[in-house]
Structure formats: C-alpha cells, structure tokens
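Structural features, examined
Next come the chains, spelled out residue by residue.
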Amino acid sequence: MKESLGNKIKRLRIEKGMTQEELASILGYSSRSTINKIESDINAISYDKLLKLVELFNVDVQELINNVNELNKEDINNMIDHMVIDELLDFMHDSPVALNAIENIKRKLLNEGFIELYESSSFNLKLGNKYFVTRNGTSIIAFTLPNSIKEYGFNIIASHSDSPCFKVKPNTDIKTGVYHKLSVEPYGGSIYSSWFDRPLSLAGRVLIKEDNKIISKEVNIDRPLVSITNVPIHMNRNINDGFKYNAAIDMQPLLTQEVEKVDLKETLSEELGINKETILNYDLYLCPKQRGYIFGLNKEYFSSPRIDNLECAFTSLKGFLKGYNERNINVYACFDNEEVGSGTRQGADSSFLEDTLKRINEELGFNESQYLRAIASSMMVSADNAHALHPNHPELYDGLNHVLMNKGIVIKMNAAQSYASDGLSSALFIEVLNRVNVPYQYFTNRADLRGGGTLGNISSKHVSMICVDIGLPQLAMHSFNETAGIKDVEYAIRAFKEFYSVSIINENGNYIIK
C-alpha cells in the first residue's frame, strides 16, 4: 500500500524527534492543528512548504512526493525545478574560479563511487567501473565503462570551468597614498563596469613545499576581502555617457590602508593555516562573494555570477550521473581556459581529450584501427551558453533565429563554422531531444555581426567526430552577474541524461540511434 504524503510527513517528523507545535512554527502555521490536518491528509500542503520539509528532513524531493496525488503536476514540477536551482546556485557560489569548480566536481564524482586516475600512472581499467582524471587541477574528464564491450563509441559532453575575471599578479602591492591595492590583470573579456562596488575575495590555489614535494592547496577565502570602487559621479560627470575603463588604473581593487606593507603570502598563510615560508607561488583570481538568487514575477529566472559556463558544467554532470549506457563509453569533460582561447595544456585545444580516449581504448585491449572505428560512431555535444534575446535591445539579434529563456536547448549554428553544428549533428541531437520531449531553438548571429566560437571546433581539431554546439539561453553574458531561465536547467538535465543513454551508430554513413 502506498504511503500518503501526510503519513510520510508524520513519519519523518517523529523520526526527527519533533513535535507538531515545533513543525508548525518552522512552516509558519499558527497552530499545531494545521499540522495535524496535513498529517491526517485532510489539508493539502503548498509546494513552497514542501521545499522547507525537504531541507528540514534532508530527504530527496522525489522521495517525498513519489506516488503522491495531493499535488497537481505544475506544483510538483515547480518544486523540483526550484530544488535543482538551489543546488546549482550552491555549486556556482562554491566554485568561484576554475580550480574550485573542478574540486567540487571531483567531490561529487567521488561520492558517486568514481575512481581517480592519474596521467602519470597506469589506468588499470575494469569493465563496469567509473573513473575520472584531471589535468592541472582545472580540467577534468570522467567516464563510465559498460559491463561488457565489443563494438563501441564515445558519448561526450564538453563544457568549460573558467569565466572572465581578474588574475592577481606575482608582485601584488600597489601603494597609492595611504591605500594599498592588489595588482591584477584581466582574464578573458569581462564587462568591466559590472565589477564595481561588489563584494570580492580571492580564490584559486597556492603551491607549497612540503616534505620535498610541491603540493597544490585549494584557496577560497570565504569573506569579502577587496572591492573595486567607482569614482563619484560628481567627479566624473560623463560616467553615464560611455566611459572607457582602463584596466591598469580603474580595475585595481582596494585592500587596506595605513599599513607599511601588504604581504599576500602572509595573508594566505593565515587563511590556510600554513607556514608562509613554504609558499612558493600561487594562481589567484578575484572572485564574487555574492550568492545567486531567483527572481521574476513567477520566479522564472535566476541570477548569479559564472552562469557561463557553470550552468552547462552542472547540468551535463547531472545528466552524466543519471545516464546509463550498455554499449558506449560515456564521457564528461570540463575544460579550463575557454575564455582565453583554450590553447593551454589543460584547454580544449590540448591533447587531454585525445590522450584520455586513446588510453581508454588501449587499456580495453583494442587497437588503433578499432579506436578509429569507435570515433566514427561517436558524438560530442559542446555545451556552452547562448545569448538570449535582450529585452532592451532586440535589434542586435537575428530577426528569426534568436532564442528565449525557458524555451529549451539552443542549437548554435554559423555558416563560417565558428560553431561545429551542421545539419547532420543537429539532426542527431534533435532526435535525442524529441525522445524526451525537450524543446529546442536555433541561434545564429545577425548576418552583419561576427559571433564567438567555443569548444566544439577546437576539440574537433584533435578528435575528429560528429559535434553539435548547444547551450542554454542567458542574458548579460560575461557580466559579473548573469541571468538565465529556471525551466532550461531541467530541460538540459533531461536532454543530457538521454544523450548518455543512447548509442549513435554509424553504419556506412547512415546513422542509427539505439
């Protein structure tokens, strides 16, 4: 017999040792009688109250509402959407720069039973197991092996871990009168004006010497430490007429005042609890200390730093963990340095993906010819966000091929092939989307405006396979705070799960999806 929602709530309350009065107070009810009626299945409970119960009882939302008829479908979908968004906002807040993002992804994979591999050691793979390997601590490739394997291909989704920001220079202390500022330089193409007067801190890594080894330690200073401050409008009357910012002057953040000297290594040693003398160097970046939030008349949007491209990194990871493939090898890739061209040893323009795929093939006992056959029946989804139609400037977008938030996956196309999508790759991906009723839309730039490129074509230079460039629609790309749609997160997870659950087989130029 199915347990009713009221009985579930009562059971969980009792297991937690809580009275009806206490639960009523937490949920904002005036008396215990309301809780008694809910637990007796007399009164219904709204989904916003259910959200509180999920957090309070530390249960999965699906577990709480499974087989429950008291809620309508719209309420259930809204509740699930907002639960996933809260998880995404936490992930973005806890991943202020690429290294922190990869560390958080590693932790999630380890919790799911994945085994960490190292490029400098033998992989020693076993069928049925799950693995991941990192490069430079800022890029990661994870993969799952089926229980048995003969003919196979790779199902790959690639995103990136970095976002535009400002990197701290080696010599950091800029003294201007009584003030001390950090010396920084731009990383990628930020909208400078959006960084002013925000709570900022430092994140990345320090390299220390310990027992004759050079060890990397994660840094994420969890408090506002610096701020880039505006000049008052009284002294810059043209600020709203199109001011040109100078990164070397205007973007240097305030740290402190009236001290003799600032020693960043000393600050790091205090924050990390390590000996200052052991610090050899660091890779540190300015980062937001501001959590994202949900907004809109119907709570249909969310705003946060680093939506580009942690939204795709997060949703593709969720789909990867949910998907299962009996024939193909599922691969999750998240690369660093996309925002500066990908031309690093850990970027998409490196050998990282190719090296890993070839080592997998070799470890499984296949030869070079079999590897090439596998590549011919493989597909990559390059997942990097897309520009949603701007509410104030629709004239900047193509009249027909523009996209909207909350309307589904974006397939990005460009005649000059700055995006890897073509008719074949997009048709294959559309078939995947259709199988799980995920809506999609097309994005192209206006014919007279040049667009950007992303991971698809860059990766394809090293591993030549069918590739489609997709993304999720968002506003304010490369701003300090960006905006995207609630519903698109669930669409993406559902689509990526399905992609990881099918096999795309190339039969002499004809493609079959199983």
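A brief structural summary.

Scoring rules and cut-offs
- Residues numbered from 1 in each chain as written.
- Predicted model: local features only at pLDDT ≥ 70, side-chain atom pairs only at ≥ 80, totals over all residues.
- Heavy atoms only, no water.
- Core = buried A, V, L, I, M, F, W, Y, C linked by side-chain atoms within 4.5 Å.
- Buried < 20%, exposed > 50% of the residue type's maximum accessible area, 1.4 Å probe, protein only.
- Helix = DSSP H or I, 4+ residues; strand = E, 2+ residues; numbered from the N terminus.
- Contact = heavy atoms within 4.5 Å.
- Polar contact = N/O pair within 3.5 Å; in protein donor to acceptor, adjacent residues only side chain to side chain.
- Arc of directions from axis to C-beta.
- Patch = residues over 30% accessible without salt bridge, like charges linked within 9 Å, V, L, I, M, F, W, Y side chains within 5 Å.
- Areas by Shrake-Rupley, 256 points an atom, 1.4 Å probe, with all protein chains shown as cover.
- Salt bridge = Lys/Arg side-chain N within 4 Å of Asp/Glu carboxyl O.

This paragraph deals with the nonpolar core. F302 and Y332 are the most contacted members of the largest nonpolar core, which totals 54 residues. No other element matches helix α14 (residues 486-499), which puts eight residues into this core. Residues F123, Y131, L145 and F366 belong to the second largest nonpolar core, which totals 34 residues.

Here we come to the environment of K289. Note that K289 resides in the loop between β10 (279-288) and β11 (293-295). Sequence separation between K289 and N236 is 53 residues, and the spatial gap between their C-alpha atoms is 27 Å. The contact partners of K289, leaving out residues within four places of it in the chain, are P199, L200, S201, N220, I221, D222, R223 and P224. A distance of 3.4 Å separates the side chain of K289 from the side chain of D222, its partner in a polar contact.

Quick look at helix α8 (residues 264-272) now. Taken as a whole, α8 has its buried residues at L264, L268 and S269. Take α8 and look down its axis: the buried residues cluster within an arc of 140°, on one side only. In this structure, the buried side of α8 is in contact with β5 (165-176), β7 (200-210), β8 (213-220) and β10. You can read the cap of α8 off the contacts: a side-chain oxygen lies 3.1 Å from the backbone nitrogen of K265, and it is on D263.

A grouping of V178, Y179 and L254 is seen on the molecular surface, where their side chains present a nonpolar patch of about 240 Å² in accessible area. As for its position among the elements, V178 is in the loop between β5 and β6 (179-187). Its relative accessible area of 42% is what places V178 among the partly exposed residues.

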